[in-house]
Amino acid sequence: MKSMVLFLLGLMVPVAAAAATEDARRVQSVEIVERFQETLGQRLKQALTAGGPVAAIAVCQREAPAIAARLSAETGARVGRTALRVRNPANQPDADARAVLERFDQAIRAGVERPPESFEVMRDGQARYLKAIVTQPICLNCHGATVDPQVEQALARHYPDDQARGYAAGDLRGAFFVHWPASRGGD
């Protein structure tokens, strides 16, 4: 009987360790996205104040990828943004992220109160966190159904294949994501 109990306890330790790793990655993911969102939001506000929506386009084009790259290097996870309708083709979602984004879109259309989020651990030990980006009224300067002609020109110049327009306040704009590589046992 004692050996059976020890055997069962031995089975539970790796499960508990895996759950702790999962919880740690989830907590870290939330913190990473908060940092990304806060940093990008501050830079966008500064650009809008200094140069209007055209200046904000440059922030999204150059600074958002740089912020994501810095956070990726600091954390060991791949950090970025994605959407169902992308402005930058490099932000295209994979099939799994697309499915999560579609669920987010349905939830927002159904009237959820908070931006949806998702944390999933894959069979191979990788994990992915996504948090919805909900379109705010200020976002409509560049993502609305109609935009200023100068914004239109800047978007055409920087994003010739832009799909990220026609939004209304409250729509799902996209998501921040944190993609963790397979955990290395004991992390």
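Just above, that's the structure.
Keep in mind that what you see is a predicted model, and the values were worked out from it rather than measured. (Residues numbered from 1 in each chain as written. Predicted model: local features only at pLDDT ≥ 70, side-chain atom pairs only at ≥ 80, totals over all residues. Heavy atoms only, no water.)

K.L.:
Help me understand the sheet that holds strand 1 (residues 78-82) in this model?
P.N.:
Remark on secondary structure: sheet strands pair via backbone hydrogen bonds, oriented parallel or antiparallel. Taken together, four strands build an open sheet; the order of strands is 1-4-3-2 and the sheet is antiparallel. Two strands bound the open sheet, and with one partner strand each, they are strand 1 and strand 2 (117-121). Neighbouring strand axes in the sheet, compared pairwise and without regard to direction, differ in orientation by 15 degrees on average. In this structure, strand 2 lies alongside strand 3 (residues 127-134), joined through five bridges in antiparallel fashion. Each residue of the ladder has a partner; that of F119, found in strand 3, is Y129. Contacts from helix 2 (residues 95-109) reach strand 1, strand 2, strand 3 and strand 4 (172-180), with the element oriented near 40 degrees to strand 3. (Pairing = 2+ DSSP bridges. Helix = DSSP H or I, 4+ residues; strand = E, 2+ residues; numbered from the N terminus. Axes fitted to C-alpha atoms, helices over the stretch in contact; angles between N-to-C directions. Contact = heavy atoms within 4.5 Å.)

K.L.:
What am I meant to see in the pattern of salt bridges here?
P.N.:
Should their charged atoms come close, side chains of opposite charge can pair. Considering all chains together, one arrives at 10 salt bridges under this definition. The shortest N-O distance in the salt bridge between E74 and R35 comes to 2.5 Å. Given a relative accessible area of 46%, E74 falls into the partly exposed group. With a shortest N-O distance of 3.1 Å, D162 and R87 are connected by a salt bridge. (Salt bridge = Lys/Arg side-chain N within 4 Å of Asp/Glu carboxyl O. Buried < 20%, exposed > 50% of the residue type's maximum accessible area, 1.4 Å probe, protein only.)

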